[in-house]
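Residue-level structural notes
Residue-level listing of the chains:
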Amino acid sequence: MNKSHLVTYQGNLSDDLRSFMCTTLRQAMADNQPSAKKITKLVGFAIELLDNAQRYSPESRVEFEWKTQDNDLIIEVKNMASKENAQRLYEQAARISQLSPSEIISEYKSKLMNSDFNDHGGAGLGLLQIMKNGAENIRINIQDMNDGVWSCVSSILVPLTKNENLAI
Amino acid sequence: MEIKILATKSTPLIELDTTIQTQRIEGISIPIDAYDFYKPATDFLVDNASNFLPNTNFHFKLNYYNTSSNKALFIILQKILLIKKQKEQIKIIWEFDDENEFMLESGQEFADLLNCEFHFVNCELK
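So, here is what we can say about the structure in this document. (Residues numbered from 1 in each chain as written. Chains lettered and ligands numbered in written order. Predicted model: local features only at pLDDT ≥ 70, side-chain atom pairs only at ≥ 80, totals over all residues. Heavy atoms only, no water.)

**Here we look at the overall build of chain B**
- The secondary structure content of chain B amounts to 3 helices and 6 strands.
- Start at the N end of chain B and walk to the C end: the helices and strands fall as β-β-β-α-β-α-β-α-β.
- For chain B, whose C-alpha radius of gyration is 13 Å, the value lies close to the compact-globule estimate of 14 Å for 126 residues.
- Each principal axis of the C-alpha atoms in chain B carries an extent, and together these give about 35 × 25 × 25 Å.
- Long-range pairs, those at least 24 residues apart, make up 68% of the contacts in chain B with a sequence separation of at least 6.
- In chain B, 12 side chains carry a positive charge and 19 a negative one; their mean positions are 6 Å apart. (Helix = DSSP H or I, 4+ residues; strand = E, 2+ residues; numbered from the N terminus. Rg over C-alpha atoms; globule rule 2.2 N^0.38 Å. Contact = heavy atoms within 4.5 Å. Lys, Arg positive; Asp, Glu negative; His and termini not counted. Charge placed at Lys NZ, Arg CZ, Asp CG, Glu CD.)

If you want it as structure tokens, here you go:
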């Protein structure tokens, strides 16, 4: 198994940090010239996971990894959350992973057009957007850490072409 | 009447002014709570719907936005369309970078969902 950790971060999460990650990842990939469209999609996946982590983590602390494994890009974010939010994320990811591409697009459009923002400012579109834009799967692992705090590890796997793998 | 929200590292510039032709939303948009961020602009569009000039152009020049912003921008566009129903000359101009095909597709998706004509302009984002 060929594995490379390309970007890792552990620490507090803020709007500025997400913006910095967005810019840094875009520039790093742009230097290697994969398609701009692919860059925007991949960075978008990372931003959506970081958005969720910042929105639902009580202390806004996060562990972020951007790595390749064989011919896949893996984006992984670990954060703490309440039991309710952790289980909701887990169930949502499990349900979305079962949807067909056309069902994902249909649900995405329906939510965009008809649903409201939730109490945390989210639109419930993040995971749908990730799947809609070509992630092969979203895996959420949750674990009770006691004291009402749960650990959430969100992983996205994106198959890369040989050229993309070399570029990233 | 006008509202101006300066751009930050994670939020776009918003300039809405009923006395001039050009309205602008421009930059990166990744706020955690897009509803809160865009609410003043959304309210402004509702409260001043009848005050915009008949030939107003709404320029959107975004280089990236998160899904929370996607929802907020959809609501903003809905409000603009309500204004456009009264003032048909109003245009929605969606500017995109030549190399950022993803943003072009995002604009096309909005246009399809809203069943509205967008004017797509290829430009260099700074």
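On we go.
**Here we look at the side chain of K67 of chain A**
Residues and elements named next belong to chain A.
- Position of K67 among the secondary structure elements: in strand 2 (residues 61–69).
- For K67, a relative accessible area of 8% corresponds to the buried category.
- Polar contacts involving the side chain of K67 include one to the side chain of E65, which spans 3.3 Å. (Buried < 20%, exposed > 50% of the residue type's maximum accessible area, 1.4 Å probe, protein only. Polar contact = N/O pair within 3.5 Å; in protein donor to acceptor, adjacent residues only side chain to side chain.)

**Describing the sheet that holds strand 1 (residues 2–5) of chain B**
Residue and element names in this part refer to chain B.
- With mixed pairing, the 6 strands of this open sheet are ordered in space as 1-2-3-4-5-6. The open sheet has two edge strands with one neighbour each: strand 1 and strand 6 (119–123). On average, adjacent strands in this sheet sit at an angle of 15° to one another, irrespective of strand direction.
- In terms of strand pairing, strand 5 (residues 91–97) meets strand 6 through 5 bridges, oriented parallel. Bridge assignment links E95 to a residue of strand 6, and that residue is V121. (Pairing = 2+ DSSP bridges. Axes fitted to C-alpha atoms, helices over the stretch in contact; angles between N-to-C directions.)

**Quick notes on the interface of chain B and chain A**
- Contacts between the two partners involve 27 residues from chain B and, on the opposite side, 33 residues from chain A.
- Summed over both partners, the interface of chain B with chain A comes to about 2600 Å²; 60% of that surface belongs to carbon and sulfur atoms.
- The interface formed by chain B and chain A holds 1 salt bridge in total.
- For E109 of chain B, the salt bridge identified is with K132 of chain A, shortest N-O distance 2.9 Å.
- Remark: the boundary between chain B and chain A carries 10 residue pairs in polar contact (both at pLDDT 80 or more). (Buried area = accessible area lost by both parts, 1.4 Å probe. Salt bridge = Lys/Arg side-chain N within 4 Å of Asp/Glu carboxyl O.)

**With respect to helix 2 (residues 36–56) of chain A**
- For helix 2 of chain A, with 21 residues, the first-to-last C-alpha span of 30 Å sits near the 30 Å given by 1.5 Å per residue.
- Of all the 21 residues making up helix 2 of chain A, 17 are buried; the element is thus mostly covered by neighbouring parts of the structure. (Expected span 1.5 Å × (residues − 1).)

**Details of the environment of L82 of chain B**
Residue and element names in this part refer to chain B.
- The residue L82 is located in helix 2 (residues 67–86) in this model.
- Judged by its relative accessible area of 52%, L82 falls in the exposed class.
- Spatially, the C-alpha atom of L82 lies 13 Å from that of F58, the residues being 24 residues apart in sequence.

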